[in-house]
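Chain by chain, the residues:
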Amino acid sequence: DGGITQSPKYLFRKEGQNVTLSCEQNLNHDAMYWYRQDPGQGLRLIYYSQIVNDFQKGDIAEGYSVSREKKESFPLTVTSAQKNPTAFYLCASSTRQGSATNEKLFFGSGTQLSVL
Amino acid sequence: SQKIEQNSEALNIQEGKTATLTCNYTNYSPAYLQWYRQDPGRGPVFLLLIRENEKEKRKERLKVTFDTTLKQSLFHITASQPADSATYLCALRGGGKLIFGQGTELSVKP
């Protein structure tokens, strides 16, 4: 089955701890994205990557870091610098950014991060 | 400032009726607009895309309109069913990225 897999489904972070959220896709998509969703708010873009070994900051990148060493994988690290990390995190991919036909996003099932 | 807004109040309708959801935007000139469905605790799922030169688009019981003069898109579900209950998100391309509205929760009662 082709799709995007996020893990874990639920994650708890202790004070001062870095945590990493996993995102893997087998859709052969070039572009991958991380969004944060808070209750009653739209999805906010954290980071995106259009190609391996390259990524750009989104609107709320502070306190987060990413890597794109493989086409299939785009892990997100929530660092201790992110003071309000409790949210639902969504990973998405698309065939190519900037093309209307191809920019529909395929989302994973999300990771709910909470602070202990 | 640039904004994309959906009705934050939940929409409650009776089964069989037509649900109409609104997406308004300001200070964007999007080439297209997308609609997604999101169920609780899940990621959004793409439904439809409508381009700026298309007035209307249909897919089964779904219909989307796009009025670039009013800067508004309407999303209709005809003959609604309880299984249509979900949050619906609109999204448009602005500033080089896809911008999402906050979503409208639809509840269809039997």
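Shown above is the structure to which this text applies.
Residues numbered from 1 in each chain as written. Chains lettered and ligands numbered in written order. Predicted model: local features only at pLDDT ≥ 70, side-chain atom pairs only at ≥ 80, totals over all residues. Heavy atoms only, no water.

This part covers the nonpolar core. Of all hydrophobic cores here, the largest spans 24 residues; its most connected members are Leu 33, Trp 35, Phe 75 and Tyr 88 of chain B. Looking at this core, the elements with two or more residues in it are strand 3 (19-26), strand 4 (32-38), strand 5 (45-51), strand 7 (62-67), strand 8 (72-77), strand 9 (86-94) and strand 11 (104-109) of chain B. The contact partners of Leu 33 of chain B, leaving out residues within four places of it in the chain, are Cys 23, Tyr 25, Leu 48, Leu 49, Ile 50, Phe 66, Ser 73, Cys 90, Ala 91 and Leu 92 of chain B. With 20 residues, the next largest nonpolar core counts Met 32, Ile 46, Ile 60 and Ala 87 of chain A among its residues. (Core = buried A, V, L, I, M, F, W, Y, C linked by side-chain atoms within 4.5 Å. Buried < 20%, exposed > 50% of the residue type's maximum accessible area, 1.4 Å probe, protein only. Helix = DSSP H or I, 4+ residues; strand = E, 2+ residues; numbered from the N terminus. Contact = heavy atoms within 4.5 Å.)

Roughly 480 Å³ of volume is contained in the largest pocket. Every residue lining the largest pocket is counted, 25 residues in all, and those nearest its centre are Gln 37, Pro 39 and Gly 40 of chain A together with Gln 38 and Thr 87 of chain B. Among the elements that make up the lining of the largest pocket, the one with the highest residue count is strand 11 of chain B (three residues). Broken down by class, the residue content of the lining of the largest pocket amounts to seven nonpolar, 13 polar and five charged. Forming the walls of the second largest pocket are 14 residues, and the residues nearest its centre are Phe 106 and Phe 107 of chain A together with Gly 43, Pro 44 and Val 45 of chain B. Of all the secondary structure elements, the ones that give two or more residues to the lining of the second largest pocket are strand 10 (106-107) of chain A together with strand 5 of chain B. Within the lining of the second largest pocket, the residues separate by chemical class into seven nonpolar, four polar and three charged. (1 Å grid on protein atoms, 1.4 Å probe; cavity = no way out; pocket = protein on both sides within 12 Å on 5 of 7 lines; lining within 4 Å. Points joined across faces, edges and corners; volume = space filled by probe spheres on them. Nonpolar A, V, L, I, M, F, W, Y, C, P; charged D, E, K, R; others polar.)

Bringing the sheet that holds strand 6 (residues 56-59) of chain B into the picture now. Residue and element names in this part refer to chain B. What the five strands build is an open sheet, ordered 1-3-8-7-6; its pairing is antiparallel. Across the chains shown, the open sheet's two edge strands, defined by having one partner strand only, are strand 1 (3-6) and strand 6. Neighbour-to-neighbour, the strand axes of the sheet open up by a mean angle of 15°, direction not taken into account. Inspection of the sheet shows strand 1 paired to strand 3 by four bridges, in the antiparallel sense. Within strand 3, the position partnered with Lys 3 by the bridge is Thr 26. (Pairing = 2+ DSSP bridges. Axes fitted to C-alpha atoms, helices over the stretch in contact; angles between N-to-C directions.)

All names here are of chain A. Structurally, the position occupied by Val 115 is in strand 11 (residues 111-115). Distance in space between the C-alpha atoms of Val 115 and Ala 92 is 24 Å, their sequence separation being 23 residues. For Val 115, the residues in contact, after removing those within four places along its chain, are Arg 13, Pro 85 and Thr 86.

Moving on: the sheet that holds strand 8 (residues 76-78) of chain A. Residue and element names in this part refer to chain A. One open sheet accounts for four strands, arranged 1-3-8-7; its pairing is antiparallel. With partners counted over all chains shown, the strands left at the sheet margins are strand 1 (4-7) and strand 7 (64-66), one partner each. Strand-to-strand twist of the sheet, defined as the mean angle between neighbouring strand axes without regard to direction, takes the value 20°. Looking at chain direction, strand 3 (residues 19-25) and strand 8 are connected through three bridges and run antiparallel. Within strand 8, the position partnered with Thr 20 by the bridge is Thr 77.

So, on to the interface of chain A and chain B. Contacts between the two partners involve 21 residues from chain A and, on the opposite side, 19 residues from chain B. Counting each side, the surface lost to burial between chain A and chain B is near 1,600 Å², with a carbon and sulfur contribution of 55%. Along the contact surface separating chain A from chain B lie one salt bridge. In this structure, Lys 97 of chain B engages Asp 59 of chain A in a salt bridge whose closest nitrogen and oxygen atoms are separated by 3.1 Å. (Buried area = accessible area lost by both parts, 1.4 Å probe. Salt bridge = Lys/Arg side-chain N within 4 Å of Asp/Glu carboxyl O.)

For the rest of this paragraph, the subject is the environment of Leu 76 of chain A. All names here are of chain A. Among the secondary structure elements, Leu 76 is positioned in strand 8. Residue classification places Leu 76 among the buried positions, given a relative accessible area of 0%. Distance in space between the C-alpha atoms of Leu 76 and Leu 113 is 12 Å, their sequence separation being 37 residues. Look past the residues within four positions of Leu 76 in its chain and what remains in contact with it is Val 19, Thr 20, Leu 21, Trp 34, Ile 46, Tyr 64, Ser 65, Val 66 and Tyr 89.

These results come straight from atomic positions and should not be treated as a statement about function.
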